[in-house]
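Commentary on secondary and tertiary structure
What follows is the residue order along each chain.
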Number of protein chains: 2
Amino acid sequence: MDTPAGPTARGAASSTPGDPGVDRRGFLCAAVGVGLARRMQEPSGMYGLIGKITATPGNREALAAILLDFSVAGMPGCLSYIVARDPSVDDALWVTEVWDSEASHKASLSLPAVREAISRARPLIAGFSDRVVTRPLGGIGLAANRAG
Amino acid sequence: MDTPAGPTARGAASSTPGDPGVDRRGFLCAAVGVGLARRMQEPSGMYGLIGKITATPGNREALAAILLDFSVAGMPGCLSYIVARDPSVDDALWVTEVWDSEASHKASLSLPAVREAISRARPLIAGFSDRVVTRPLGGIGLAANRAG
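Cut-offs and rules
- Residues numbered from 1 in each chain as written.
- Chains lettered and ligands numbered in written order.
- Predicted model: local features only at pLDDT ≥ 70, side-chain atom pairs only at ≥ 80, totals over all residues.
- Heavy atoms only, no water.
- Helix = DSSP H or I, 4+ residues; strand = E, 2+ residues; numbered from the N terminus.
- Contact = heavy atoms within 4.5 Å.
- Areas by Shrake-Rupley, 256 points an atom, 1.4 Å probe, with all protein chains shown as cover.
- Axes fitted to C-alpha atoms, helices over the stretch in contact; angles between N-to-C directions.
- Parallel < 35°, antiparallel > 145°, perpendicular 65-115°, else oblique.
- Nonpolar A, V, L, I, M, F, W, Y, C, P; charged D, E, K, R; others polar.
- Salt bridge = Lys/Arg side-chain N within 4 Å of Asp/Glu carboxyl O.
- Buried < 20%, exposed > 50% of the residue type's maximum accessible area, 1.4 Å probe, protein only.
- pLDDT = per-residue confidence, 0-100.

In terms of helices and strands, chain A carries 4 helices and 5 strands. Along its sequence from the N terminus, chain A presents helices and strands in the succession α-β-β-α-β-β-α-α-β. Within chain A, counting contacts between residues at least 6 apart in sequence, those at least 24 apart form 85% of the total. With the model as given, the accessible surface of chain A reaches about 5,400 Å², and the carbon-plus-sulfur share is 60%.

Now the structure itself:
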């Protein structure tokens, strides 16, 4: 009963790091410190991303390490950022993100540390796919890392 | 450059609440209290789920409320559990989960509170799709809620 307009259709649109939009895909974010489980946060405020990143052959672990480096650098407004292997697809990673706002996500892409990481990651990336933008409502594991 | 065996293919296999496997889809989990951002956790141990749940027409908010109820009940081993709207698909929700092990996830499905919630949610669910099992490596917003 899934709708034809679902993410499977969107997911079919893969892209490469050469695409101009690559910096806007938001596969990088980071935060530090204590997170707080919350039953419900501002439904209209939070901005989520789910997406798959396929590494160039044999480079999944190296790419994951670059993505995870950012978990130790502060990134205002990043509430959740999880990097995961896809056990059924060689070289594939999934990155799921929650930001306190779309603006915080966009702002992160201008930070020197993020731009530097994107430049290190790009040669290891074969493509992006299955990207879904979400509006998170709440749950467990949303770090206390509000912007501003 | 996505692989043909990617989640788009898996996502094409939608199902209904009547499927025997519904209780194993792990769209319910919960935890309480403080989460800790971690750069890297046991890569081999964590178990992740990404999936879309489509509500029966007009029931997305009611279904989301049932799913979010579980964020205030303890659920051993659930490190992240986020419910999000799909802004581009009416009645669609995305649930992303991280557990400290697949065993913790499976154990949660036998808990009375979860079984009761599944029974409340089932009439509001039109179908499941786009399910991906992942092996999380780490990141931000993994709640400190280890099992045992």
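There is more to say after this.
Moving on, we get to the packing of helix α2 (residues 60-69) of chain A against helix α4 (residues 112-121) of chain A. Residues and elements named next belong to chain A. The contact between α2 and α4 brings their axes to 10 Å, and the two run at 180°. The angle between α2 and α4 places the two elements in the roughly antiparallel class. The segment α2 lies against α4, with L63, I66 and D69 engaging A117, R120 and A121. Residue classes in the contact of α2 with α4 are distributed as 4 nonpolar, no polar and 2 charged.

All names here are of chain B. With the rule as written, the count across this model stands at 12 salt bridges over all chains. K106 is paired through a salt bridge with E102; the nearest N and O atoms lie 3.5 Å apart. Of this pair, K106 and E102 both sit in helix α3 (residues 102-108), 4 residues apart, which is roughly one turn of the helix. Overall, the relative accessible area of 28% leaves E102 in the partly exposed class.

Okay, the confidence of the model for chain A next. All names here are of chain A. Put simply, chain A has an average pLDDT of 76, and 66% of its residues get 70 or more. The model gives residues 1-43 a pLDDT under 50, and that stretch makes 168 contacts with residues more than four places away or in other chains. Here the predicted complex scores 0.73 on pTM and 0.73 on ipTM.

Bringing unusual backbone geometry into the picture now. Positive phi, close to 75°, is recorded for D91 of chain A, a residue that is not glycine. Assessed through its relative accessible area of 18%, D91 of chain A is described here as buried.

Residue placement: L49 of chain A occurs in strand β2 (residues 47-55). Between the C-alpha atom of L49 of chain A and that of V98 of chain A, which follows or precedes it by 49 residues, the distance is 6.6 Å.

The next subject is the side chain of T96 of chain A. Here T96 of chain A lies in strand β4 (residues 92-99). A relative accessible area of 12% means that T96 of chain A is categorised as buried.

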